[in-house]
Amino acid sequence: MPLLTATAVTKKFGGLTAVNNLDFEIEQGSIASLIGPNGAGKTTFFNCIAGFYQIEAGQIVFDGQPIQRLRRDQIAHLGISRTYQNIRLFANMTAMENILVGQHYHLRSSWIGAVLGTKGVREDEGRAHREARRLLRFVGLQNKGDLLASNLPYGDQRRLEVARALANKPRLLLLDEPTAGMNPAESQQMTEFIRHLRDELGTTILLIEHEMRVVMGISEKITVLHYGQKIAEGTPIQIQTDPLVIEAYLGRGSAGTAGHEATAIPAVEATQGGASAGPTPASA
Ligand SMILES: Nc1ncnc2c1ncn2[C@@H]1O[C@H](COP(=O)(O)OP(=O)(O)OP(=O)(O)O)[C@@H](O)[C@H]1O
Ligand SMILES: [Mg+2]
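Keep in mind the model is a prediction, meaning the values are calculated, not measured.

Calculation rules
- Residues numbered from 1 in each chain as written.
- Chains lettered and ligands numbered in written order.
- Predicted model: local features only at pLDDT ≥ 70, side-chain atom pairs only at ≥ 80, totals over all residues.
- Heavy atoms only, no water.
- Helix = DSSP H or I, 4+ residues; strand = E, 2+ residues; numbered from the N terminus.
- Buried < 20%, exposed > 50% of the residue type's maximum accessible area, 1.4 Å probe, protein only.
- Contact = heavy atoms within 4.5 Å.
- Areas by Shrake-Rupley, 256 points an atom, 1.4 Å probe, with all protein chains shown as cover.
- Near = heavy atom within 4 Å.
- Polar contact = N/O pair within 3.5 Å; in protein donor to acceptor, adjacent residues only side chain to side chain.
- Pairing = 2+ DSSP bridges.
- pLDDT = per-residue confidence, 0-100.
- Axes fitted to C-alpha atoms, helices over the stretch in contact; angles between N-to-C directions.
- Parallel < 35°, antiparallel > 145°, perpendicular 65-115°, else oblique.
- Left-handed = near helix turned anticlockwise from the far one by under 90°.
- Nonpolar A, V, L, I, M, F, W, Y, C, P; charged D, E, K, R; others polar.

Enquirer: Give me the lowdown on the overall build of the protein, citing residues and values where you can.
Expert: The secondary structure content of the protein amounts to ten helices and ten strands. Split into buried and exposed, the 284 residues of the protein put 48% on the buried side. Considering only contacts within the protein whose residues lie at least 6 apart along the sequence, 69% involve residues at least 24 apart. Accessible surface, the protein as shown: approximately 12900 Å² in total, 53% of it carbon and sulfur.

Following this line, the structure appears as structure tokens:
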């Protein structure tokens, strides 16, 4: 059964149609990827799902409920979490504090209680800290909870972003280029981690990814966007041999586009490095 179904979704920026009449669905408990050349509309589609953008047309249904008119906090509360293409951690907070911020939606007590320091609040805080420690352990940062986010190595920052997204206890996790800027070993680790996440927690995962080794190795379904439209969808094997996909990638002359990742299909030898993100986290 699909956990999320998007029907004829269109998002425009002025005269530019960034997402064009897109139909998309993701099965409960699956790992799927969204790929496509730079500017294809991948991040924009994430922003539409997560309520950061209002869509011009179409419908997005999550777990049976239309969400396209909901605010981003309401959507987060329903169980959709996301990470950002450019890391958005609170640079001057510790790893632990970054996760506590992410738990915000699941704390029951009111801000009045927080001000007065009532018993319910103290219990909530204890629970929150225990849960945050568990998440840090889950992403392998158990010894780094007290370090400032800005002092973490890049790969750890990416993992912390995932931990923060998990603090919301999502049923659907949207990962925007989780391996961008990672070296091959880190990238491999992240791939295993994503699979572990799904297997352990049952989280449904949709990722945007340029690194073809990751995409082909982990995805049960791949959807290819080009100029905002879906040009192909299928299993890794189907996508690697799809003439439209090959043309979309090769047609953009990756070798000549300085600063962009040299993504190649069907080559699984895609070079390292994403489009984005230096090592410094931006505060949200
Ligand atoms: N807030 C915005 N305002 C105006 N145009 C935008 C905005 N966000 C995205 N765009 C444009 O919409 C198109 C799709 O952008 P988007 O960021 O979704 O692409 P993408 O597939 O994520 O690309 P990349 O792989 O480079 O991250 C691009 O032409 C981009 O310039
Ligand atoms: Mg993007």
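Further notes follow.
Enquirer: Tell me about the site of ligand 1, residues and numbers included.
Expert: By nearness alone, 15 residues border ligand 1, and Gly39, Lys42, Thr43, Thr44 and Gln85 come closest of all. Within the side chain of Asn38, a nitrogen or oxygen atom sits 2.9 Å from an oxygen atom of ligand 1. Within the backbone of Ala40, a nitrogen or oxygen atom sits 3.1 Å from an oxygen atom of ligand 1. The fraction of the free accessible surface of ligand 1 (640 Å²) that becomes covered by protein chains is 65%. Tallying contributions element by element places helix α1 (residues 42-49) first for the shell around ligand 1, with three residues.

Enquirer: How would you summarise the pairing of strand β1 (residues 2-13) if you had to cite specific residues and measurements?
Expert: Sheet topology note: the β1/strand β2 (residues 16-27) ladder contains eight bridges and is antiparallel. By the bridge assignment, Thr5 is partnered in β2 with Glu25. Where β1 lies against strand β4 (residues 57-62), five bridges are found, and the strand directions are antiparallel. Counted as the bridge partner of Leu4 is Phe62 from β4.

Enquirer: Describe the confidence of the model for the protein, listing the residues and the values that go with them.
Expert: Summary statistics for the protein give a mean pLDDT of 84 and a share of 82% for residues scoring 70 or more. Across residues 253-284 the pLDDT falls below 50, and counting only partners more than four positions away or on other chains, this stretch makes 77 contacts in the model.

Enquirer: Please set out the packing of helix α3 (residues 95-103) against helix α6 (residues 154-166) residue by residue, giving values where relevant.
Expert: Viewed as axis vectors pointing N to C, α3 and α6 meet at an angle of 30°, and their least axial separation amounts to 7 Å. Here α3 is positioned roughly parallel relative to α6, judged by the angle of their axes. When you trace α3 past α6, the crossing you get is right-handed. Where α3 abuts α6, its residues Ala95, Asn98, Ile99 and Gly102 lie against Leu160, Ala163 and Arg164. In terms of residue class, the contact of α3 with α6 is built from four nonpolar, two polar and one charged.

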